[in-house]
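# Structural features, examined
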Protein chains: 2
Amino acid sequence: MASELKVLAFDVFGTVVDWHGSLVEEVKSMCPGVDAAGFATAWRSGYKPAMARVMSGELGWTRIDDLHRMILDDVIARYAVDLDESQRVHLNLAWHRLTPWPDVIEGLHLLRQHYTVCTLSNGNLSLLADMAKNAGIPWDLILSAEVFRAYKPHKDTYLGVASVFDVAPDQVMLVAAHHDDLAAAKACGLRTAYIERPYENGRDALKDVSPRPQNELHASDFIELAELLIRQ
Amino acid sequence: MASELKVLAFDVFGTVVDWHGSLVEEVKSMCPGVDAAGFATAWRSGYKPAMARVMSGELGWTRIDDLHRMILDDVIARYAVDLDESQRVHLNLAWHRLTPWPDVIEGLHLLRQHYTVCTLSNGNLSLLADMAKNAGIPWDLILSAEVFRAYKPHKDTYLGVASVFDVAPDQVMLVAAHHDDLAAAKACGLRTAYIERPYENGRDALKDVSPRPQNELHASDFIELAELLIRQ
């Protein structure tokens, strides 16, 4: 018999918040005339290579705020945008102001009546705290790569959640809109739920969100996830 | 000119929650006939020596839940109480269910409109998360010795708060009912607010809560702290 599920750990960028749509609005308002969707996509795509430089040891431990700023400076140069230091600081903090998908707040309120709901994000703690306060996201605990000093998909992050709550790995379910994140969690013994976020990369770059058999649950959004979990 | 205050970091046991009163109720209900106040005091007094064993390297990194359990087993033996394993597990989790002082929730709701409010506790993350969920304490972020792998009064904990929020130490204020905690924070450059909790150790062990000049602010409770900070 499976162990009792206790903790739902949520990926954040893309799964909880619409990073693309939120960044496009911020870029549009600060850099009129620029291809805001291209700018947002370029900013986000610098993220995995930057984390790889940290995990390889080329860079020391670096918070995502600082990685975002390094990438932003590159993207600004590439798009030939004129932004001074205070404007760059402000734009970089757009990641602290990302907007949740419409189902998130209601879904989390349902889920937290039955489970502990926490983040498991590569975003740094202050980014996640500002985002939660700004949008009213009712986390029971904010956990981050910053706590474990490793970025996902390193196993210390997934196993770290189980350790923090003093439960077995299979009492934790990772909830994410990304199959690679879920596969790494599964390899550590966590349970998995895939969430469809077809517009994660923008309305013009529809994602394939079809179910894959390796994920235990598949839901269109957090409200459907609550229905799947709570009716079980 | 002083830097702008951004973050209020709260000590928890004694400052936010009434550990003595809460434990007395739990001990009374599980161990009828036992001197519940003495039992609670003995349990709490094992805490600093146990943390000292970790910080000296005699014990590896240990969460407070596990230190509390080691001490509990000693106190149970000393008081000759008959509790089986599941009762001990339940009683040990009393620390996850501690009750806030009456001013806490209202005071934090006022304070978090102007500042980031977080914990800085030696309690472990799951303890603090359960406590907040159980009592409805509206933290913006839960920080713990567990994040910094050092217990207060180690400087890594106080400076760690400033680092997490990417602010200068004097943009953080420690709020605590204990002068030694505040003195250690002040030595790291943090600002300090003392909170009167005269009954922290029980109604029969009144604490001296008179002001001391080394603390920047002195308030009877969190609502008075909000008045002092927000009218400034």
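This one's a predicted model, so the numbers in the text were calculated from it and none came from an experiment. (Residues numbered from 1 in each chain as written. Chains lettered and ligands numbered in written order. Predicted model: local features only at pLDDT ≥ 70, side-chain atom pairs only at ≥ 80, totals over all residues. Heavy atoms only, no water.)

## Some words on the overall build of chain A
Looking only at helices and strands, chain A features 11 helices and five strands. On C-alpha atoms alone, chain A measures out to a radius of gyration of 18 Å, which is about the 17 Å that the 2.2 N^0.38 rule sets for 232 residues. Taken along the three principal axes of its C-alpha coordinates, chain A extends 60 × 35 × 30 Å. Taking all 232 residues of chain A together, 58% fall into the buried category. Taking contacts inside chain A between residues at least 6 apart in sequence as the whole, the part at least 24 apart equals 63%. (Helix = DSSP H or I, 4+ residues; strand = E, 2+ residues; numbered from the N terminus. Rg over C-alpha atoms; globule rule 2.2 N^0.38 Å. Buried < 20%, exposed > 50% of the residue type's maximum accessible area, 1.4 Å probe, protein only. Contact = heavy atoms within 4.5 Å.)

## Observations regarding the sheet that holds strand β5 (residues 217-219) of chain B
Residues and elements named next belong to chain B. Here five strands make up an open sheet; going across it, the order is β2-β1-β3-β4-β5 and the pairing parallel. This sheet does not close on itself; its edge strands, each paired only once, are β2 (116-119) and β5. Between one strand axis and the next, the sheet turns by 25° as a mean value, whatever way the strands run. Summarising the sheet, strand β4 (residues 191-195) and β5 pair through three bridges and their orientation is parallel. Within β5, the residue paired with I195 across the bridge is A219. (Pairing = 2+ DSSP bridges. Axes fitted to C-alpha atoms, helices over the stretch in contact; angles between N-to-C directions.)

## So, the domain arrangement of chain A
Residue and element names in this part refer to chain A. The domain boundaries assigned to chain A delineate domain 1 (7-18 + 99-230) and domain 2 (19-97). The straight-line distance from the C-alpha centre of domain 1 to that of domain 2 is 23 Å. Each partner contributes residues to the interface: domain 1 has 23 residues there, and domain 2 has 20 residues. Here domain 1 packs against domain 2, burying approximately 1900 Å² in sum over the two surfaces, 54% of which is carbon and sulfur. As a salt-bridge pair, K48 and D180 come within 2.9 Å of each other at their nearest N and O atoms. In this assembly, domain 1 and domain 2 are joined by 12 residue pairs in polar contact (both at pLDDT 80 or more). For the side of domain 1 that touches domain 2, the secondary structure elements donating two or more residues are α7 (125-135) and α8 (145-148). (Domains from an automatic or database assignment. Buried area = accessible area lost by both parts, 1.4 Å probe. Salt bridge = Lys/Arg side-chain N within 4 Å of Asp/Glu carboxyl O. Polar contact = N/O pair within 3.5 Å; in protein donor to acceptor, adjacent residues only side chain to side chain.)

## Brief notes about the sheet that holds strand β5 (residues 217-219) of chain A
The strands that make up a sheet pair up through hydrogen bonds in the backbone, lying either parallel or antiparallel. Residues and elements named next belong to chain A. Spatially, five strands are ordered β2-β1-β3-β4-β5 in an open sheet, and the strand pairing comes out parallel. This sheet does not close on itself; its edge strands, each paired only once, are β2 (116-119) and β5. For this sheet, the mean angle separating the axes of adjacent strands, direction not counted, is 25°.

## So, the interface of chain B and chain A
Counting residues at the interface gives 18 residues for chain B and 18 residues for chain A. Taken together, both faces of the contact between chain B and chain A bury some 1500 Å²; the carbon and sulfur share is 56%. Among the residues of chain B in contact with chain A, K133, L141 and V164 of chain B are the three that bury the most area, contributing 31% of the side total. For the pair chain B and chain A, the interface holds four salt bridges. Between chain B and chain A we count 10 residue pairs in polar contact (both at pLDDT 80 or more) in total. Taken together, the elements giving at least two residues each to the side of chain B that touches chain A come down to α7 (125-135), α8 (145-148) and α9 (155-164) of chain B.

## With respect to the relation of the copies chain B and chain A
A rotation about some axis, followed by a shift along it, carries one copy of the chain onto the other. With an RMSD of 0.0 Å, the fit of chain B onto chain A corresponds to turning through 180° and sliding 0.0 Å along the axis. When the rotation and shift are considered jointly, the pair of chain copies conforms to a two-fold rotation axis. If distances are taken from each C-alpha of chain B to the rotation axis, the shortest is found for V147 of chain B, at 2.7 Å. Most of the interface of chain B is mirrored in chain A, where 100% of its interface residues are also at the interface. (Least-squares fit on C-alpha atoms with pLDDT ≥ 70 in both.)

## A short note on the side chain of N124 of chain B
Residue and element names in this part refer to chain B. For N124, the location among the structural elements is in the loop between β2 and α7. Here I64 takes part through its backbone nitrogen, which lies 3.5 Å from a polar atom of the side chain of N124. Among residues more than four places away in sequence, those in contact with N124 are R63, I64, D65, S144 and E146.

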